[in-house]
Amino acid sequence: EVQLVESGGGLVQPGGSLRLSCAASGFTFSRFVMSWVRQAPGKGLEWVSGINGGGGTTSYVDSVKGRFTISRDNAKNTLYLQMNSLKPEDTAVYYCASSKAITSIQARPGGYDYWGKGTQVTVSS
């Protein structure tokens, strides 16, 4: 059974940093594309960033480029999202997501069929 468990969210002031983690189990982690997707209050799902199985290819939505960094540790079956220079508009529930049906990063939430339960990130002074 595929399981994705996010952690690392919390309350941070504007300009601050957080690192999210996603622990994966139930599948061969290193073989699959992983992404982070977020949902802000009252809004729909927004794809944020993705990384290929080997970790050599990454992609970001324009609004987080230069501030967020996605990475993975295949030995630990863990996905990360380092978030710097956080803004109030980054406030959202952040989900990690994967799919066994894709071989490249899909920059849309609908491209993924395995999801964690999410971790709340709140950026506020």
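Residues numbered from 1 in each chain as written. Predicted model: local features only at pLDDT ≥ 70, side-chain atom pairs only at ≥ 80, totals over all residues. Heavy atoms only, no water.

Remarks on the pattern of salt bridges
Put simply, the rule is: Only one rule defines a salt bridge in this text: a Lys or Arg side-chain nitrogen within 4 Å of an Asp or Glu carboxyl oxygen. The secondary structure listing takes helices from DSSP runs of H or I that are at least 4 residues long and strands from runs of E that are at least 2 residues long, numbered from the N terminus.
Summed over the entire model, instances satisfying the criterion amount to four salt bridges. For Asp-90, the salt bridge goes to Arg-38, with nearest N and O atoms at 3.0 Å. Within this pair, whereas Asp-90 is found in the loop between strand S8 (78-83) and strand S9 (92-98), its partner Arg-38 is found in strand S4 (residues 34-39), the two being separated by 52 residues in sequence. A salt bridge links Lys-65 to Asp-62, with the nearest nitrogen and oxygen atoms 2.9 Å apart. Three or more residues are tied together by salt bridges with common partners; here these are Arg-38, Glu-46, Arg-67 and Asp-90.

Examining the sheet that holds strand S3 (residues 18-25)
What counts, and what does not: Paired strands, as defined in this entry, are two strands with at least two bridges between them according to DSSP. In this description, a line fitted to the C-alpha atoms serves as the axis of each element, helices being fitted only across the stretch in contact, and the angle between N-to-C directions of two axes falls anywhere from 0 to 180 degrees.
If you walk across this open sheet you meet the four strands as S1-S3-S8-S7, and the pairing is antiparallel. With partners counted over all chains shown, the strands left at the sheet margins are strand S1 (3-7) and strand S7 (68-73), one partner each. For this sheet the average axis-to-axis angle between neighbouring strands, irrespective of direction, equals 15°. Pairing of S3 with S8, which is carried by six bridges, proceeds in the antiparallel orientation. Following the sheet pairing, Cys-22 is matched in S8 by Leu-79.

Some points on the side chain of Ser-98
Note the threshold: Each residue is placed in one exposure class: buried if its accessible area under a 1.4 Å probe, protein chains only, is under 20% of its type's maximum, exposed if it is over 50%, and partly exposed if it falls in between. Any N or O atom pair separated by 3.5 Å or less is treated as a polar contact, with the protein-specific requirement of one donor-capable and one acceptor-capable atom, and with residues adjacent in sequence counted only for side-chain atom pairs. Contacts are residue-level and defined by heavy atoms, with any inter-residue pair within 4.5 Å sufficient.
Examined against the element boundaries, Ser-98 turns out to sit in strand S9. What makes Ser-98 buried here is its relative accessible area of 2%. One polar contact links the side chain of Ser-98 to the main-chain carbonyl oxygen of Val-33, over a distance of 3.0 Å. Each residue touching Ser-98, except ones within four places of it in the same chain, is listed here: Leu-4, Phe-27, Phe-32, Val-33, Met-34, Tyr-112, Asp-113 and Tyr-114.

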